[in-house]
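Topology and contacts: notes
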Amino acid sequence: MQKIKNLLLDLGGVLLDIDFSRTKTAFEALGVKNFDAFFTQYHAAPLFEDLETGRVLPENFYANFRRETGLAVTDATIANAWNAMLGDFPANRVDYLKSLRKKYRLFLLSNTNIIHYEAFCENFTRVYGYSFNTIFEKAFYSHEIGLRKPYPEIFQYVLQEGDMKPAETLFIDDTITNTDAARQLGLEVIHLPAPKNILDVML
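Quick notes on the rules
Residues numbered from 1 in each chain as written. Predicted model: local features only at pLDDT ≥ 70, side-chain atom pairs only at ≥ 80, totals over all residues. Heavy atoms only, no water. Helix = DSSP H or I, 4+ residues; strand = E, 2+ residues; numbered from the N terminus. Buried < 20%, exposed > 50% of the residue type's maximum accessible area, 1.4 Å probe, protein only. Contact = heavy atoms within 4.5 Å. 1 Å grid on protein atoms, 1.4 Å probe; cavity = no way out; pocket = protein on both sides within 12 Å on 5 of 7 lines; lining within 4 Å. Points joined across faces, edges and corners; volume = space filled by probe spheres on them. Nonpolar A, V, L, I, M, F, W, Y, C, P; charged D, E, K, R; others polar. Pairing = 2+ DSSP bridges. Axes fitted to C-alpha atoms, helices over the stretch in contact; angles between N-to-C directions. Right-handed = clockwise from strand over helix to strand, strands pointing away. Phe/Tyr/Trp six-rings, centres within 6.5 Å; stacked < 30°, edge-to-face > 60°. Lys NZ or Arg CZ within 6 Å of the ring centre and 35° of its normal. Parallel < 35°, antiparallel > 145°, perpendicular 65-115°, else oblique. Core = buried A, V, L, I, M, F, W, Y, C linked by side-chain atoms within 4.5 Å.

1. Brief notes about the environment of H43
Mapped onto the secondary structure, H43 falls in the loop between helix 2 (35-38) and helix 3 (46-52). On the basis of relative accessible area, H43 is assigned to the partly exposed category, the value being 39%. Apart from the residues within four sequence positions on either side, H43 is in contact with D36, A37 and F38.

Okay, here's the thing in structure tokens:
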């Protein structure tokens, strides 16, 4: 890793505990029988991809969800089911991130959405007393930049915005389609399948 100057980290599964099955179970309990057709770790239907790329506001997402599923549920009910996958930021991972800042330029790249973003940021600040984003030189969120992994455009955008060279950048993600896409663009990659996390990477 001597040539690596930049760390580009995924959020869910790498830094933040996340369990997609909890959201699937929550939506199935509401009456969505085919939730995998809407969203999985590896796939997002247009309803959810539009949310993750910021093309729809939450209120439009909730209305579209009700229309596509035929369910008469409140915005809050949908949000609670959608946020069910979000876990905690363990303190030892936060401490490790701070130590990595002393050796590397630290960046975040996450497929997320405004509903999740507000929930995990609020949780982090409540626990640690400061903003999660301040850990990084720059945090890139799909809903803010209008791009999502694994499309190559998002990696090209991040490299340009961060003034990073691919060969000097290590990308760490828990989804293999994302690491495969980054590798094709010349980035160094580490795939961290569950239950591994950032603490399993010695840097």
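Moving on from the model shown.
2. Brief notes about the layout of surface pockets
Here the largest pocket is characterised by a volume of approximately 380 Å³. Along the wall of the largest pocket there are 29 residues; nearest its centre are F20, F39, Q41, E52 and N111. Elements represented by at least two residues in the lining of the largest pocket include exactly helix 7 (114-128) and helix 10 (176-184). For the lining of the largest pocket, the residue count by class is 11 nonpolar, 12 polar and six charged. Surrounding the second largest pocket, 17 residues form its lining, G13, I18, D174, A194 and P195 being those nearest its centre. Residues that form the lining of the second largest pocket fall into these classes: eight nonpolar, four polar and five charged.

3. Things to note about the sheet that holds strand 5 (residues 188-191)
Strands sit in the order 3-2-1-4-5 across an open sheet of five strands; the sheet is parallel. Only two strands of the sheet have a single partner each, and these edge strands are strand 3 (138-141) and strand 5. Mean inter-strand twist for the sheet, computed between neighbouring axes without regard to direction, equals 20 degrees. Where helix 10 meets the sheet, its contacts fall on strand 4 (169-173) and strand 5, and the angle it forms with strand 5 comes to roughly 170 degrees.

4. Describing the pairing of strand 3
With four bridges joining them, strand 2 (residues 105-110) and strand 3 adopt parallel strand pairing. The residue bridging L108 from the neighbouring strand is A139, located in strand 3. Handedness of the crossover joining strand 2 and strand 3 through helix 7: right-handed.

5. Section: the packing of aromatic side chains
Applying the stated criterion across every chain, the model contains 27 aromatic pairs. Relative to W82, the ring of F48 lies with its centre 4.7 Å away and its plane at 50 degrees, an arrangement referred to as tilted. Of this pair, F48 sits in helix 3 while W82 sits in helix 5 (residues 75-83); the two residues are 34 residues apart in sequence, bridging distant segments of the chain. A connected cluster of aromatic rings, assembled from ring pairs, spans F20, F27, F35, F38, F39, F48, F61, Y62, F65 and W82. Over the aromatic face of F140 sits the side chain of K138, whose NZ or CZ is 5.8 Å from the ring centroid.

6. Some details on helix 5
For an α-helix, the turn length of 3.6 residues means that residues three or four places apart are oriented alike. Buried within helix 5 we find I78, A79, A81, W82 and N83. Those residues of helix 5 that are buried lie in contact with helix 1 (20-30), helix 2, helix 3, helix 4 (58-69) and helix 7.

7. Observations concerning the packing of helix 1 against helix 5
Contact geometry for helix 1 and helix 5: axes closest at 7 Å, N-to-C directions at 150 degrees. By the angle between their directions, the pair helix 1 and helix 5 is classed as roughly antiparallel. Across from T23, A26, F27 and L30 in helix 1, the residues of helix 5 making contact are T77, I78, A81, W82 and N83.

8. Brief notes about the nonpolar core
Counting 52 residues, the largest nonpolar core has L15 and F132 as the members making the most contacts within it. No other element matches helix 7, which puts five residues into this core. The contact partners of F132, leaving out residues within four places of it in the chain, are L11, L15, F89, L108, F120, F124 and Y141. In terms of nonpolar packing, the next biggest core, distinct from the first, is built from 14 residues, F155, M164, A181 and A182 among them.

9. Overview of the pairing of strand 1 (residues 6-9)
Residues N6 and L8 of strand 1 are buried on one face, and the alternating residues L7 and L9, pointing to the opposite face, are buried as well. Bridge analysis of strand 1 against strand 2 gives four bridges, and the strand direction is parallel. Each residue of the ladder has a partner; that of N6, found in strand 2, is R105. Pairing between strand 1 and strand 4: four bridges, direction parallel. What sits directly across from L7, in strand 4, is L170.

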